[in-house]
Number of protein chains: 2
Amino acid sequence: MIRKTRLFTPGPTPLLPAAQFAMAAADIHHRTAEFRALYQRVLDQLKLFVGTKNDVLLLSSSGTGAMEAAVSNLTSPGDRVLVLSAGKFGERWTALGKAFGCEVDVVSAPYGHTFSLEEVRKALKIETRAIFMQATETSTGVRHCVPAIADLIKSANSNALLVVDAITGLGTTHFDMDGWGVDVLIGGSQKAVMIPPGLAYLAVSDKAWEAMEISLNPRYYFDLRKERKNAHKGESAYTPAVALIAGLGAALDYIAQQGGGDLAAGRAALVENAETCAEMTRAAIAAMGLKLYAPDAPAAAVTAVLSPEGIDSGVFVKELKSRFAAVITNGQGEMKGKIFRIAHLGFFDYMDTISLIGALEHIAVSVLKLPGFQFGQALTAAQKVFAQRDPQAAAKRECQCGREVSHCARKTAAVTA
Amino acid sequence: MIRKTRLFTPGPTPLLPAAQFAMAAADIHHRTAEFRALYQRVLDQLKLFVGTKNDVLLLSSSGTGAMEAAVSNLTSPGDRVLVLSAGKFGERWTALGKAFGCEVDVVSAPYGHTFSLEEVRKALKIETRAIFMQATETSTGVRHCVPAIADLIKSANSNALLVVDAITGLGTTHFDMDGWGVDVLIGGSQKAVMIPPGLAYLAVSDKAWEAMEISLNPRYYFDLRKERKNAHKGESAYTPAVALIAGLGAALDYIAQQGGGDLAAGRAALVENAETCAEMTRAAIAAMGLKLYAPDAPAAAVTAVLSPEGIDSGVFVKELKSRFAAVITNGQGEMKGKIFRIAHLGFFDYMDTISLIGALEHIAVSVLKLPGFQFGQALTAAQKVFAQRDPQAAAKRECQCGREVSHCARKTAAVTA
């Protein structure tokens, strides 16, 4: 049987054809007027996509490079920083803080959960220089409430910078960087913006730019001040990943089209799209009698599913790959073998979602012969969600911060198994 | 919601990415050693794909060009020919025969059916120069039994040439051109070989080559003798569609891979793939309470479905396109508004088939609110077919010719609504 390779992974995500064509055509030298016009246009588009008045910078690196840039540009050795950690990417902030000589306080949440706001309040010291967090924790499929942390910093009269890794969050959950008071917001290319890995971007507030002037940590390739100086001339500081930048421009054009020509509306449509795919998937998982790994605060970017008792989650990964060429991901670290993860961020549609659920049911019913599972249950549940979904009702659910989720994340109803 | 354009049309069919890449890279002049090597390789691959010892020629034209070539090269004005017609493409043979001055006898079957072998026997005259037929009639989704007609010519001691339009038949139903005694077999590029329109190919028997020498109809661009002479030098007579030829080579490589490196096995795998997708779809249609347009001899290439009473079939076409960007086809001619057609030929897999059925159910249940329809019924039926399908059992059903279908078409069980 023919099997078409299909990525259902939370980065890299499926590629937008228009972006692929733009990449193939990108035979441009990076110190020319032609490139400067492209680069300036993409930086302007990124500002609209992020939804900020702040400068947005592009780095030719993975998202981790941008995370390092945030740490190395904003801290000095011996600085006290607070990491909010609930998975592998939270732990990466801790490792980065330590690598750059910071005293790292950590508020941890168990995998599959978000942290307690009360614990964050207690851990925030007067000398805390920065808080580092994720918007969504890709390794567990959890959404954190960014504005709740921003509010907490304000109410404590803290001077801490708020740095948010929104690599899987941008385009899957609502953001209001300027309104909330986020200082650095980080995105990556192989996520909701539908192009391959290799680019990261950062939106940086005035407060963060000021902080950089007194920070003593060493940085060169990731020196954001130098990058900004060059960006104002329409150039990158070092040789940029030209084809990826051309692809990003085409992808942002597509996202704008989805919003009737407006990038902010396009981003909102992208969030709504991910939420729809995620809600269909959560309903399917519940209908199969499987459990969500993060039932309380599920991200729209990726759904993490607990493998049934006695079955290594790698079996689902392997069977979907070998039988259907559909690629999902296992858990990472100690979650490996326990969960599998299905992505919804970026270029996914109804038909992708239905087909993955159909394949998953085939594995459960026909390959693993899990007791009590029947064909069509999960598919029917997903179809009903698609047909009856009411985004407004979904947005009225309560967020971690006590407000309706529409205020902070336009999050949709969690379907608890 | 994001909508990815997906073709479920019986030509053009979804493109193979490897063929797209080969087309993009095909910057070759057609009178060079480089092109001759490519062309010779593709012609050799086509012989293996068709499964014949005869020469196979490529034309830069649509399939209709190759149909014209068969008529203009094999007949003279005033020749008596017999057309077996059961749809729009059968009617095209009649139009071509008349355009080239032939006396055209026609055995017609009602749309949705195959013709009566007894009627063909009666219509075959001693002076009949050629029989023209389809292997599968794309407009109605019917499979005809080619070997039954070949046998009939033999048993009548007729000297008629047998010309088969296998444009949607090749790669969706079994062929044994040499064993059966087919004189001209015609294929097209935008079908099971997974590349865009623009190429047609013909396998031509020795008997047909001899007949060409005495045929008096005018031909120039489609003069097959000239084309063969050039093909033996590794060239085409006129400027060929170079990129399509490069794409065809890559597609035939892929089909060979599907057969473990062997093109004949790859073709068989392709037939089995189409049969699986078709059987899943027929089961889904039956589960929805809809009727097949060709329940007795359904082709694996395409499934034609009768629209429910009072609903124009164009509604299904339009709703699938506007809501999901999935493209199916309406009926042609007088079948327009009455049937819709879903293709399975070429680059389709389980996930494509499941997703289209899911989308179709959405239209039926949620948009048209057809009474008695429920989510999941069609999907479950398709899942069961995929899980339980037994190709051997399916092949034991009786063909039109009275033999097990495995002998003549490896046809699978029809699911009657």
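Computed from a prediction, not measured in an experiment: that's the story for all the values here.

Student: Please clarify how the relation of the copies chain A and chain B should be interpreted in this entry.
Tutor: One chain copy maps onto the other through a rotation about an axis and a shift parallel to that axis. Laying chain A over chain B is done by rotating through 180° and shifting 0.0 Å along the axis; what remains is an RMSD of 0.0 Å. Read as a symmetry element, the transformation amounts to a two-fold axis. In this assembly, 100% of the residues forming the interface of chain A have copies in chain B that are likewise at the interface, indicating an isologous arrangement.

Student: Is there a simple way to explain the interface of chain A and chain B in this structure?
Tutor: In many analyses, interface size is given as the accessible surface area lost on bringing the parts together. The interface is formed by 39 residues belonging to chain A together with 39 residues belonging to chain B. Roughly 3,300 Å² is buried in total at the junction of chain A and chain B, and carbon and sulfur atoms are behind 67% of that figure. Looking at the side of chain A facing chain B, the largest losses of area belong to A:Met1, A:Ile2 and A:Met351, adding up to 25% of the total buried there. The partner of B:Arg6 in a salt bridge is A:Asp349, and the shortest N-O contact between them spans 2.6 Å. Where chain A meets chain B, there are 20 residue pairs in polar contact (both at pLDDT 80 or more).

Student: So what exactly am I meant to see when it comes to the domain arrangement of chain A here?
Tutor: Residues and elements named next belong to chain A. If you check the domain split of chain A, you get domain 1 (6–11 + 264–408) and domain 2 (17–258). Relative to domain 2, the C-alpha centre of domain 1 lies at a distance of 26 Å. Contacts between the two partners involve 35 residues from domain 1 and, on the opposite side, 39 residues from domain 2. Interface of domain 1 and domain 2: buried area, both sides summed, is about 3,000 Å²; carbon and sulfur atoms make up 62% of it. Applying the counting rule to domain 1 against domain 2 returns zero salt bridges. For the interface between domain 1 and domain 2, the tally reads seven residue pairs in polar contact (both at pLDDT 80 or more). Elements with a contribution of two residues or more to the side of domain 1 that touches domain 2: α11 (263–287), β12 (302–306), β15 (339–343) and α16 (405–408). It is α11 that contributes the most residues to the side of domain 1 that touches domain 2, seven residues altogether. In terms of residue class, the side of domain 1 that touches domain 2 is built from 23 nonpolar, seven polar and five charged.

Student: Help me understand the UniProt feature "modified residue: N6-(pyridoxal phosphate)lysine" (unreviewed entry) in chain A in this model?
Tutor: Residue and element names in this part refer to chain A. On the UniProt side, "modified residue: N6-(pyridoxal phosphate)lysine" (unreviewed entry) is annotated at positions that read Lys191 here. On the basis of relative accessible area, Lys191 is assigned to the buried category, the value being 9%. Non-local contacts of Lys191, meaning those with residues more than four positions away in its chain, are made with Pro10, Gly11, Thr13, Ile167, Thr168, Leu345 and Gly346. Side-chain polar atoms of Lys191 contact the backbone oxygen of Pro10, separated by 2.6 Å.

Student: What exactly am I supposed to notice about the UniProt feature "binding site: substrate" (unreviewed entry) in chain A here?
Tutor: Residues and elements named next belong to chain A. Under the UniProt annotation, "binding site: substrate" (unreviewed entry) lies at Arg341. Mapped onto the elements of the fold, Arg341 is located in strand β15. Not counting the four nearest positions on each side in its chain, Arg341 is found in contact with Phe8, Pro10, Thr138, Ser139, Val302, Thr303, Ala304, Ile328, Thr329, Asn330, Gly331 and Gln332. Polar contacts involving the side chain of Arg341 include one to the main-chain carbonyl oxygen of Thr138, which spans 2.8 Å.

Student: Sorry, what's going on with the packing of helix α11 (residues 263–287) of chain B against helix α13 (residues 350–367) of chain B here?
Tutor: Residues and elements named next belong to chain B. The interhelical angle for the contact between α11 and α13, taken along N-to-C directions, is 20°, at an axis separation of 10 Å. By the angle between their directions, the pair α11 and α13 is classed as roughly parallel. Our pair here, α11 against α13, has a crossing hand that is right-handed. Where α11 approaches α13, its residues Cys277, Met280, Thr281, Ala284 and Ile285 are matched on the opposing element by Tyr350, Thr353, Ile354, Ile357 and Leu360. Taken together, the residues that form the contact of α11 with α13 break down as eight nonpolar, two polar and no charged.

Student: Even after reading the chapter, I still don't get the environment of A:Ala18, so can you show me in this structure?
Tutor: Residues and elements named next belong to chain A. Mapped onto the secondary structure, Ala18 falls in helix α1 (residues 17–24). Of the residues examined, Ala18 reaches a relative accessible area of 37% and is grouped as partly exposed. Once the C-alpha coordinates of Ala18 and Met194 are considered, the two residues, 176 residues apart in sequence, prove to be 10.0 Å apart.

Rules and cut-offs
Residues numbered from 1 in each chain as written. Chains lettered and ligands numbered in written order. Predicted model: local features only at pLDDT ≥ 70, side-chain atom pairs only at ≥ 80, totals over all residues. Heavy atoms only, no water. Least-squares fit on C-alpha atoms with pLDDT ≥ 70 in both. Contact = heavy atoms within 4.5 Å. Buried area = accessible area lost by both parts, 1.4 Å probe. Salt bridge = Lys/Arg side-chain N within 4 Å of Asp/Glu carboxyl O. Polar contact = N/O pair within 3.5 Å; in protein donor to acceptor, adjacent residues only side chain to side chain. Domains from an automatic or database assignment. Helix = DSSP H or I, 4+ residues; strand = E, 2+ residues; numbered from the N terminus. Nonpolar A, V, L, I, M, F, W, Y, C, P; charged D, E, K, R; others polar. UniProt positions renumbered as here; feature names shortened; annotations may be inferred. Buried < 20%, exposed > 50% of the residue type's maximum accessible area, 1.4 Å probe, protein only. Axes fitted to C-alpha atoms, helices over the stretch in contact; angles between N-to-C directions. Parallel < 35°, antiparallel > 145°, perpendicular 65-115°, else oblique. Left-handed = near helix turned anticlockwise from the far one by under 90°.

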